[in-house]
Amino acid sequence: MPGTRTRATSSARARRTPATSSRTTPTSPTRSRRRSRTSWASASGPRSPRPSRARTRPAARTRRARRPRPPPRPPRRPRPPRPRADPVTGRTEWPDDSPDSSRAEKALSSQDPAERARAICLRLLTGTARTRKQLADALRKREIPDEIAEEVLSRFEDVGLIDDAAFAGAWVDSRHHGRGLARRALARELRTKGVDPTVIQEAVERLDSDQEEVRARELVDRKLRATRGLDRDKRLRRLAGMLARKGYPEGMALRVVRQALEEEGEDTEGLEEPF
């Protein structure tokens, strides 16, 4: 029958053709990547050649020439002396051994001794006031004869360029208000300047005991805070010793310090004198 024959034909064909399995032959991932790259390259067109990276040899470094060493520095010159502020006038003065004074001395060395003495005194009096003894010592140091020095100093005193009384008065006012010195310390300093004792007595008499006590209390109040926390006797010794070094009488110093301690609440009963 035709239907049966057809089935036989189809079955025979099936026997001749091997049956395909559902499992696929495993392929390596490398081959699959290569195929994908080849298919992408064929689809995108011809690929441009990759430029070759030629290794270039670095150029040889040129050695720079060494710079010549600078010449050694000359030795430093000694610093000239600094000017000093005069406590009386407040102006600055150069010391006698400054370069300016040495050059002036060399320029005046060939002149007459009297002319040299006048020039030296004028130069020393330009910066600040000086006493007669200070100028006499300066002239003696520069080998000016004593007769010529006395003549020049007397002439300067006659015209008012040398005035020991004015110097002493200005010194007392400046040192008392600036450093807080009492009459005894001021008189000691004026004696070292060569001022006459009579002139010194007249100058220090401008200050009385009340002015000294007021200035002493100001000094104690300024130093009182620094002594807080110390023993009572130690505070008394320090403050009273400070006043004694500035020339204040012992009784005044002890009285001022006791008053200051009592105002702070310290018990001052039975305190012994620190001197």
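The model shown is predicted, which means the values in this text are computed figures rather than measured ones.

K.L.:
Hey, could you go over the overall build of the protein chain for me, with residue numbers and the actual values?
P.N.:
Along its length, the protein chain carries 12 helices and two strands. In sequence order, the protein chain lays out its α and β elements as α-α-β-β-α-α-α-α-α-α-α-α-α-α. Burial status across the protein chain gives 29% buried among its 275 residues. Intrachain contacts of the protein chain at a sequence separation of at least 6 include 60% that bridge at least 24 residues. As displayed, the protein chain offers around 21300 Å² of accessible surface, 49% of which is attributable to carbon and sulfur atoms.

K.L.:
An account of helix 5 (residues 132-141) is needed here, citing residue identities and associated values.
P.N.:
Burial in helix 5 covers these residues: Arg 132, Leu 135, Ala 136, Ala 138 and Leu 139. On an axial view of helix 5, the arc spanned by its buried residues comes to 160 degrees, and they lie on one face. Residues of helix 5 that are buried make contact with helix 4 (113-127), helix 6 (146-158) and helix 7 (164-179). Once helix 5 finishes, Glu 143 follows within two positions and takes phi at roughly 60 degrees, a positive value.

K.L.:
I'd love a proper account of the packing of helix 10 (residues 209-224) against helix 11 (residues 232-245), names of residues and values included.
P.N.:
Where helix 10 meets helix 11, the axes come as close as 10 Å, and the angle between the chain directions of the two elements is 135 degrees. Viewed along their axes, helix 10 and helix 11 adopt a mutual orientation that is oblique. In this structure, helix 10 meets helix 11 at a crossing whose hand is right-handed. Between helix 10 and helix 11, the contacting residues are Ala 216, Leu 219, Val 220, Lys 223 and Leu 224 on the first element and Arg 235, Leu 239, Met 242 and Leu 243 on the second. For the contact of helix 10 with helix 11, the per-class residue count stands at seven nonpolar, no polar and two charged.

K.L.:
So what's going on with the pattern of salt bridges? Residues and values would help.
P.N.:
A complete count under the given rule lists 13 salt bridges for this structure. A salt bridge links Arg 132 to Glu 157; its shortest N-O distance comes to 2.5 Å. Taken as a pair, Arg 132 in helix 5 and Glu 157 in helix 6 lie far apart in primary sequence, 25 residues in all. Judged by its relative accessible area of 37%, Glu 157 is partly exposed.

K.L.:
Would you mind going over helix 12 (residues 250-263) in detail, with residue names and values included?
P.N.:
Here helix 12 is 14 residues long and its end C-alpha atoms lie 20 Å apart, about the 20 Å a rise of 1.5 Å per residue gives. Buried residues along helix 12 sit against helix 10 and helix 11. Phi turns positive one or two residues past the end of helix 12, at Gly 265, with a value near 95 degrees.

K.L.:
Any details on a nonpolar patch on the surface? Residues and values, ideally.
P.N.:
Where nonpolar side chains cluster on the molecular surface, the patch consists of Leu 122, Val 159 and Leu 161 and spans about 260 Å² of accessible area. Looking at the secondary structure, you find Val 159 in the loop between helix 6 and helix 7. Residue class for Val 159 comes out partly exposed when judged on its relative accessible area of 47%.

K.L.:
For the side chain of Arg 175, give the residues involved together with the corresponding values.
P.N.:
Take Arg 175: it is sitting in helix 7. Of the residues examined, Arg 175 reaches a relative accessible area of 14% and is grouped as buried. A polar side-chain atom of Arg 175 sits 2.8 Å from a polar atom in the side chain of Glu 189.

K.L.:
How would you explain the packing of aromatic side chains if you had to name every residue and give the values?
P.N.:
Geometrically, a pair of aromatic rings is defined through the distance of the ring centres and the angle of the planes. Within this structure, the stated rule accounts for one aromatic pair. Look at Phe 167 and Trp 171: their rings are 5.7 Å apart centre to centre, the planes differ by 25 degrees, and that puts the pair in the stacked class. Taken together, the residues Phe 167 and Trp 171, both in helix 7 and four residues apart, mark about one turn of the helix. For the pair Phe 167 and Trp 171, one class covers both residues: buried.

Scoring rules and cut-offs
- Residues numbered from 1 in each chain as written.
- Predicted model: local features only at pLDDT ≥ 70, side-chain atom pairs only at ≥ 80, totals over all residues.
- Heavy atoms only, no water.
- Helix = DSSP H or I, 4+ residues; strand = E, 2+ residues; numbered from the N terminus.
- Buried < 20%, exposed > 50% of the residue type's maximum accessible area, 1.4 Å probe, protein only.
- Contact = heavy atoms within 4.5 Å.
- Areas by Shrake-Rupley, 256 points an atom, 1.4 Å probe, with all protein chains shown as cover.
- Arc of directions from axis to C-beta.
- Axes fitted to C-alpha atoms, helices over the stretch in contact; angles between N-to-C directions.
- Parallel < 35°, antiparallel > 145°, perpendicular 65-115°, else oblique.
- Left-handed = near helix turned anticlockwise from the far one by under 90°.
- Nonpolar A, V, L, I, M, F, W, Y, C, P; charged D, E, K, R; others polar.
- Salt bridge = Lys/Arg side-chain N within 4 Å of Asp/Glu carboxyl O.
- Expected span 1.5 Å × (residues − 1).
- Patch = residues over 30% accessible without salt bridge, like charges linked within 9 Å, V, L, I, M, F, W, Y side chains within 5 Å.
- Polar contact = N/O pair within 3.5 Å; in protein donor to acceptor, adjacent residues only side chain to side chain.
- Phe/Tyr/Trp six-rings, centres within 6.5 Å; stacked < 30°, edge-to-face > 60°.

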